[in-house]
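Given next are the chains, with one letter for each unit.
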Amino acid sequence: MAEFRVRVSTGEAFGAGTWDKMSVIIVGTEGETLPLPLDHFGKEFTAGAEEDFEVTCPQDVGRVLLLRVHKTPPALLRPFWPLASDAWFCRWFQLTPPRGAPLRFPCYQWLEDKGSLVLREGTAKISWEDHHPTLQQQRQEELQARREMYSWKTYIPGWPHCLNEETIKNLDLNIKYSLAKNITFYLRGGSMLADLKLKGLLDRKGLWKSLEEMRSVFNSRKTPAVEYVFEHWQEDAFFAYQFLNGLNPVLIRRCHHLPKNFPVTDAMVAPALGPGTSLQAELEKGSLFLVDHGILSGICTNVINGRPQFSAAPMTLLYQRPGRGPLLPLAIQLSQTPGPDSPIFLPSDDKWDWLLAKTWVRNAEFSIHEALTHLLQVHLVTEVFTLATLRQLPHCHPLFKLLIPHTRYTLHINTLARELLIAPGKVVDRSTGLGTEGFSELIQRYMEQLNYSVLCLPEDIRARGVEDIPGYYYRDDGMQIWGAVEGFVSEMIGIYYLSDEFVRDDSELQAWVWEIFSEGFLGRESSGVPSSLGTREALIQYITMVIFTCSAKHSAVGTGQFDFSAWMPNLPPTMQLPPPTSKGQASPEGFIATLPPVNATCDVITALWVLSKEPGDRRPLGTYPDEHFTEAAPCWSIAAFQSRLAQISRDIQERNQDLELPYTYLDPPIIENSVSI
């Protein structure tokens, strides 16, 4: 006879508790027990509770390997099952044997209906470290069950593959929004839609009456950043600033040689450059920068309210003045084909000509940002990371424990996006200039050129030659975050992978990397995305990239969507007239006629309002309330990581005190651990 004490921790979220009954089977090296009821007088397993139970085993099972947890409805309710069953969220079990220290069994899962869980003691184990046949078998059975539950599908040919589910109603509870988050999400969107509906704007298909009317619509929801955008959107310095610190701070690159199809001349830019220099001299000095939206050339465009929409593929040349003066635009060409019908617009042109040219660039920024930087590089790519993690890494694997917090709710929000945003007839299709067909084509084009270095911030910064351009807070803060994540990951990898051989011999790790390569990057070797990893250095970079993309990059390109788009002329989702083919034709009336109609404006800005802010139930970067790691060493590394992030936050907040427009999107408390909105 052996007596064990079992402590059970139930989650704190609404609905985490259960009326159902639990039993546990203790599996050891010498056998296993019969089901042992966990039963007190009265109700057990209340939300937030930690409860102790005494159980007696008639035989010695040897060293404990596993716990099998089983949930059934109470006897009085069994005739009504499954109507009477309810889900339970288990945080962990702790088993104290007759002799020896307590053993912690992390869970952090929902158990639905009449179901079972198999839990392992919390020490992280790489596959070949499990020598006992029972543990090896459990590892394989767990992965097989998850591969059956989470399968791949092709949503659109040429896109990364995704979860094979049509609607969030079908999702497993473990990947669904919490009830509180779900309610907040729909209330946030519903309140905005109701407001616009009452004002008669959602169904108004015509033009805006004036710029003043546009401003009045969203006054009740303006933030300091929204107000700043309204006050400065026409200024050249703010136009250029957004390439560094706006929604899409990943395109600007240093220009040493002008593209042949962008024939800017000295005469054009002399007034802006000033005396004593030339275009060639500034190119050689490295003070000129280029933003090229050429991937939009010839892209399919949409029809909104029965009217065809238009797109441009502009090139923008920018100049960094000596010292620390502001970055400024020098020239804009709205197509990739120079000629009489594609003039180069200059700051010295008529006010409305120049403003219209800049607004066409901002429309191109909207399309590139939403389709590529945000949807593809963050949402679709992190869904691949998430699915591969669930399918290839068991709960006991150190990389599963490290990565699972950075996958929280990603499958829910992406499934919801396929339902409500990018499906035919939804927001992208009915209210953006490219529509679903254009978005699809754009992603297919970019997938042919997407490179691993784009996903790794230090390499991306070097490749674009923007290491020293001043006032680039996305780069500065991003590199700080990257460094903190890299240091954390390096420590964690050092704990579990003692040599490069450990990396090469980890079959589960290699299967995970291969699945990301084949399902996410479609097996394209030219992408440079690894299909296997052979060294600890390569593994550290890869895991750092995954965590950074799931957290910091998503925050940088997602959190400010409403800030930069609420004043619609700053980031128009579509254009209703074609790009100008000559100068001297623009006017205030023509400018408004080019902008999106009222209903499309409201549709898109409502979506961006919802998608710019986490709907509660947040977990900022480095916050790990689910204690998957039980050993001391990784817990120390987590604490050091949190301390480093806290210092970065203090530095950012101190810097921001001196900025007219604070850059907050990479402040660690603002960054969510995962792509969850």
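All figures in this text were calculated on a predicted structure; none of them were measured in a lab.

Enquirer: Which residues make up the sheet that holds strand β1 (residues 2-10), and what values go with them?
Expert: Reading across from one edge, β5-β1-β7-β8 is the order of the four strands in this open sheet, with antiparallel pairing throughout. Only two strands of the sheet have a single neighbouring strand rather than two, namely β5 (50-57) and β8 (103-111). This sheet shows a mean twist of 25° between the axes of neighbouring strands, independent of strand direction. For β1 and strand β7 (residues 88-96), the ladder comprises six bridges, and the chain directions are antiparallel.

Enquirer: Tell me about the packing of aromatic side chains, residues and numbers included.
Expert: Across all of its chains, the model carries 28 aromatic pairs by this definition. Taken together, a centroid distance of 6.0 Å and an interplanar angle of 40° make the contact between tryptophan 233 and phenylalanine 591 tilted. Residue tryptophan 233 is located in the loop between α4 (224-232) and α5 (236-245), and its partner phenylalanine 591 is located in helix α20 (residues 588-594); the two are separated by 358 residues in the primary sequence. Of the two residues examined, tryptophan 233 and phenylalanine 591, each falls in the buried class. Aromatic pair tyrosine 452 and tyrosine 542: ring centres 6.2 Å apart, planes at 35°, arrangement tilted. Of the two residues, tyrosine 452 is situated in helix α13 (residues 452-455) and tyrosine 542 in helix α18 (residues 536-558); the sequence distance between them amounts to 90 residues. Tyrosine 452 gets classed as buried once you look at its relative accessible area, which sits at 8%. Within the aromatic cluster, the residues linked to one another by ring pairs are Phe230, Trp233, Trp352, Trp567 and Phe591. Across the ring face of tryptophan 92, the terminal group of arginine 104 is positioned such that the distance to the ring centre comes to 3.7 Å. A cation over an aromatic ring shows up here: arginine 188 above the ring of tryptophan 609, its NZ or CZ 3.9 Å from the ring centre.

Enquirer: I'd love a proper account of a nonpolar patch on the surface, names of residues and values included.
Expert: On the surface, Phe14, Leu179, Ile183 and Leu187 cluster together into a nonpolar patch covering about 460 Å² of accessible area. Tracing the backbone shows leucine 179 in helix α2 (residues 179-198).

Enquirer: Break down the nonpolar core for me, citing the residues and quoting the values.
Expert: Counting 166 residues, the largest nonpolar core has Ile252, Tyr497 and Trp512 as its most contacted members. With 22 residues, the single largest contributor to this core is helix α8 (residues 351-392). Ignoring any residue separated from it by four or fewer positions in sequence, one finds tyrosine 497 in contact with Ile126, His397, Leu399, Phe502, Val503, Asp506, Leu509, Arg536 and Leu539. The next biggest cluster of nonpolar side chains, apart from the first, holds 26 residues, and it includes Val6, Phe53, Leu67 and Trp88.

Each value, and the rule that gives it
- Residues numbered from 1 in each chain as written.
- Predicted model: local features only at pLDDT ≥ 70, side-chain atom pairs only at ≥ 80, totals over all residues.
- Heavy atoms only, no water.
- Pairing = 2+ DSSP bridges.
- Helix = DSSP H or I, 4+ residues; strand = E, 2+ residues; numbered from the N terminus.
- Axes fitted to C-alpha atoms, helices over the stretch in contact; angles between N-to-C directions.
- Phe/Tyr/Trp six-rings, centres within 6.5 Å; stacked < 30°, edge-to-face > 60°.
- Buried < 20%, exposed > 50% of the residue type's maximum accessible area, 1.4 Å probe, protein only.
- Lys NZ or Arg CZ within 6 Å of the ring centre and 35° of its normal.
- Patch = residues over 30% accessible without salt bridge, like charges linked within 9 Å, V, L, I, M, F, W, Y side chains within 5 Å.
- Areas by Shrake-Rupley, 256 points an atom, 1.4 Å probe, with all protein chains shown as cover.
- Salt bridge = Lys/Arg side-chain N within 4 Å of Asp/Glu carboxyl O.
- Core = buried A, V, L, I, M, F, W, Y, C linked by side-chain atoms within 4.5 Å.
- Contact = heavy atoms within 4.5 Å.

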